[in-house]
Amino acid sequence: VGYYGSYSRFGPSMNEDSRAGNDFLAQLCVQWEQAALDLEPATRVVVARLGIVLGRESGVLANMMPAFSAGAGGPIGTGEQAVSWIHVEDMVSIIVYACTNPSVSG
């Protein structure tokens, strides 16, 4: 979350070939990725651009549910922003796959 900057959910879809955003968080992500990639070829590097982690018992949703259940939750942002997300089980599967398959890099 953050690499692509803020954009409308009605705008173009983003993928790993899309350009980074121009805001602070996007530029921070670019710097983090470059710092990791600078470790190659001394070590294998895998850069995973993951969204907000959701899961019933873990991830951001589990942390937000008590507030929403108590009536303290509300809209976040304008409602027009895109929010990328991933289920916790999918995230774990991606990380395990990347760690156990030497052909995964970049």
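See above for the structure.
Residues numbered from 1 in each chain as written. Predicted model: local features only at pLDDT ≥ 70, side-chain atom pairs only at ≥ 80, totals over all residues. Heavy atoms only, no water.

Looking at this structure, I do not really get the overall build of the chain. What am I missing?
Within the chain, the secondary structure is distributed over three helices and two strands. Going residue by residue from the N terminus, the α and β elements of the chain occur as α-β-α-β-α. The C-alpha atoms of the chain give a radius of gyration of 16 Å, which is well past the 13 Å a tight globule of 106 residues would have. Here the chain holds 106 residues, and 15% of them are scored as buried. (Helix = DSSP H or I, 4+ residues; strand = E, 2+ residues; numbered from the N terminus. Rg over C-alpha atoms; globule rule 2.2 N^0.38 Å. Buried < 20%, exposed > 50% of the residue type's maximum accessible area, 1.4 Å probe, protein only.)

I keep staring at the packing of aromatic side chains and nothing clicks. Help me out?
One pair of aromatic rings is described through two measures. These are the centre distance and the angle between the planes. All told, the structure shown has one aromatic pair when counted by the stated rule. Ring geometry for Tyr3 and Tyr4: centres 5.0 Å apart, planes at 80 degrees, overall edge-to-face. The class of Tyr3 is buried, set by a relative accessible area of 13%. Relative accessible area serves as the criterion here: at 19%, Tyr4 is assigned to the buried category. The positively charged end of Arg49 is found above the aromatic ring belonging to Tyr3, 3.5 Å away from the centroid. (Phe/Tyr/Trp six-rings, centres within 6.5 Å; stacked < 30°, edge-to-face > 60°. Lys NZ or Arg CZ within 6 Å of the ring centre and 35° of its normal.)

Would you mind showing me how to read helix H1 (residues 24-37) here?
It helps to recall that an α-helix has 3.6 residues per turn; residues three or four apart then point in one direction. Relative to the 20 Å expected for 14 residues at 1.5 Å per residue, H1 spans 20 Å between its end C-alpha atoms, a close match to the ideal helical length. The set of residues buried in H1 consists of Ala26, Cys29 and Glu33. The buried residues of H1 occupy one face: seen down the axis, they fall within an arc of 60 degrees. Facing away from the buried side of H1 by more than 90 degrees, the exposed set consists of Phe24, Gln31 and Trp32. (Expected span 1.5 Å × (residues − 1). Arc of directions from axis to C-beta.)

Sorry, what's going on with unusual backbone geometry here?
Where the residue is not glycine, phi is negative for most of them; where a peptide bond is considered, it is trans in most cases. Between Glu40 and the following residue, Pro41, the backbone shows a cis peptide bond with an omega angle of 0 degrees. Locating Pro41 in the fold gives a position in the loop between H1 and strand E1 (52-54).

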